[in-house]
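Residue-level structure breakdown
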Amino acid sequence: MRLGVLDIGSNTGHLLVVDAHAGAAPLPAFSYKVPLRLAEHLTPEGSMSSAGIEALTDFTAAAMEVAEDKGCEEMLSFATSAVREADNTDQVLDHVADKTGTRIEVLSGEDEARLTFLAVRRWFGWSAGRLAVFDIGGGSLEIAGGPDESPDVAWSIPLGAARLARDYFGADAPDEVSLRKLRRRIRSEIARDAGHLLRHGAPHRAAATSKTFRSLARICGAAPSSEGHLVPRTLRRDDLEAWLPTLIATPPEKMADLPGVSPSRAHQMVPGALVALAVMDIFDLPELEICPWALREGVILERFDHISILDRRGTD
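Residues numbered from 1 in each chain as written. Predicted model: local features only at pLDDT ≥ 70, side-chain atom pairs only at ≥ 80, totals over all residues. Heavy atoms only, no water.

Looking now at the overall build of the protein. The number of helices and strands found in the protein is 12 helices and 11 strands. Relative to the globule expectation of 20 Å for 316 residues, the C-alpha radius of gyration of the protein, 19 Å, shows essentially globular dimensions. Reported as C-alpha extents along the three principal axes, the dimensions of the protein are approximately 60 × 45 × 35 Å. Within the protein, the proportion of its 316 residues that are buried is 51%. Of all intrachain contacts in the protein linking residues separated by at least 6 positions in sequence, the fraction that spans at least 24 positions is 69%. Surface accessibility of the protein: about 14300 Å² in total, with carbon and sulfur atoms responsible for 49%. Between the averaged position of the 34 positive side-chain charges in the protein and that of its 46 negative side-chain charges there is a distance of 4 Å. (Helix = DSSP H or I, 4+ residues; strand = E, 2+ residues; numbered from the N terminus. Rg over C-alpha atoms; globule rule 2.2 N^0.38 Å. Buried < 20%, exposed > 50% of the residue type's maximum accessible area, 1.4 Å probe, protein only. Contact = heavy atoms within 4.5 Å. Areas by Shrake-Rupley, 256 points an atom, 1.4 Å probe, with all protein chains shown as cover. Lys, Arg positive; Asp, Glu negative; His and termini not counted. Charge placed at Lys NZ, Arg CZ, Asp CG, Glu CD.)

In structure tokens form, the structure reads like this:
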């Protein structure tokens, strides 16, 4: 079955076309993405701006044309933090539906964490034991953990890299006082609910997913994407601590010169690094394994699990 997955993230709109069937890994067939930066289109009052709505609508219309051209039999469309938290979410979704005919589902923060966990569990398998998963998006940080395919705990914190860049990083880099204030906010918000994960015992394996974690790992020496997604990649706490002063001192226009950093995300690397380091410190993790599967794959896997259940019932 050829499936289209329309992922409206806080940073990027991404259509992933996959060939998949129950019991097999989804095989990417085509990818179309645009840096929408919706988290930065939220007004101070909390609404999605008209420019953000139009950017989302234009992308959705173009993505649906691509999906049709590529022969997708079914579409799964969802949005995450930026759309979820906008005061005018219904207006945004209604406008997109009216103009494109596509109704986008908004995932809760807990569902986002849960589905990402499912993808990472399937990637690493049961040998990972009790698994902890962390995902830094544009608008939020998702955390989940447990020994099974469904996590014991899953929650979302408004600490996305794009959100923090918008709130703390203007035309000029923040001074030392502002950085310390940001660091305190990040760590206090993560630590507030850290016991949800820790009370079930230390994880046997800790994994990270998302572009921010992948970029940080690449900066710290992980293999480039050109070597394929089967190459193991790790982000080590000591390496990130050593790199952090350099990242802070690097102007955004020079940040994209670093390996693994795209120009559209360069301004997000310092806040992303502060969140990643806080995660490893608070949960006492010397390293995080980078998983190439994330939310999109979790959505696909859950959909095909559902199809398999229906198929089995039909043969009973």
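The subject of this paragraph is the sheet that holds strand 2 (residues 13-19). Adjacent strands of a sheet form backbone hydrogen bonds with each other and so pair up, either parallel or antiparallel. The strand order across the open sheet formed by 5 strands is 3-2-1-4-5, and the pairing between neighbours is mixed. Whereas interior strands pair on both sides, the edge strands pair on one side only; in this sheet they are strand 3 (27-34) and strand 5 (105-106). The sheet contacts of helix 1 (residues 50-69) involve strand 1 (2-8), strand 2, strand 3 and strand 4 (74-79), and relative to strand 3 the element is tilted by about 150 degrees. (Pairing = 2+ DSSP bridges. Axes fitted to C-alpha atoms, helices over the stretch in contact; angles between N-to-C directions.)

Structurally, the position occupied by Arg121 is in helix 4 (residues 109-124). This buried residue, Arg121, is left without a salt bridge; Asp148 holds the nearest opposite charge, at 6.4 Å. Within the local environment of Arg121, its side chain forms a polar contact with the backbone oxygen of Asp148, the two atoms lying 3.2 Å apart. Those residues in contact with Arg121, other than ones at most four positions away along the chain, are Trp126, Ala128, Gly129, Leu131, Gly146, Pro147, Asp148 and Glu149. (Salt bridge = Lys/Arg side-chain N within 4 Å of Asp/Glu carboxyl O. Polar contact = N/O pair within 3.5 Å; in protein donor to acceptor, adjacent residues only side chain to side chain.)

Further remarks concern the packing of helix 1 against helix 3 (residues 89-100). The geometry of helix 1 relative to helix 3 is characterised by a closest axis approach of 9 Å and an angle of 40 degrees between their N-to-C directions. Judged by the sense of rotation from one axis to the other, the crossing of helix 1 with helix 3 is right-handed. Facing helix 1, whose interface residues are Ile53, Glu54, Leu56, Thr57, Thr60 and Ala61, helix 3 presents Gln91, Val92, His95, Val96, Lys99 and Thr100. Grouping the amino acids of the contact of helix 1 with helix 3 by side-chain chemistry returns 5 nonpolar, 5 polar and 2 charged. (Left-handed = near helix turned anticlockwise from the far one by under 90°. Nonpolar A, V, L, I, M, F, W, Y, C, P; charged D, E, K, R; others polar.)

As a further point, take the environment of Lys181. Structurally, the position occupied by Lys181 is in helix 6 (residues 176-192). As for Lys181 and Tyr168, which are separated by 13 residues in sequence, their C-alpha atoms are 9.6 Å apart.

Another aspect to go through is the sheet that holds strand 11 (residues 287-290). Strand order in this open sheet of 6 strands is 8-7-6-9-11-10, and the pairing throughout is mixed. At either end of the open sheet lies a strand with only one pairing partner, and these are strand 8 (153-157) and strand 10 (234-236). With direction set aside, neighbouring strand axes in the sheet form an average angle of 25 degrees. The strands that helix 11 (residues 269-282) touches are strand 6 (131-136), strand 7 (141-146), strand 10 and strand 11; relative to strand 6, the one it contacts most, it runs at about 165 degrees.

Right, let's talk about helix 6 for a bit. Its 17 residues give helix 6 an end-to-end C-alpha distance of 24 Å, which sits within 8% of 24 Å, the value for a rise of 1.5 Å per residue. Along helix 6, the positions that sit buried rather than exposed are Leu179, Leu182, Ile186, Arg187, Glu189 and Ile190. Along the long axis of helix 6, the arc covered by the buried residues comes to 165 degrees, so they all point the same way. Summarising the geometry of helix 6, the exposed residues directed more than 90 degrees from the buried face are Val177, Lys181, Arg184 and Arg192. Packed against the buried residues of helix 6 are strand 7, strand 8, helix 5 (161-168), helix 7 (194-198), helix 9 (237-249) and helix 11. (Expected span 1.5 Å × (residues − 1). Arc of directions from axis to C-beta.)

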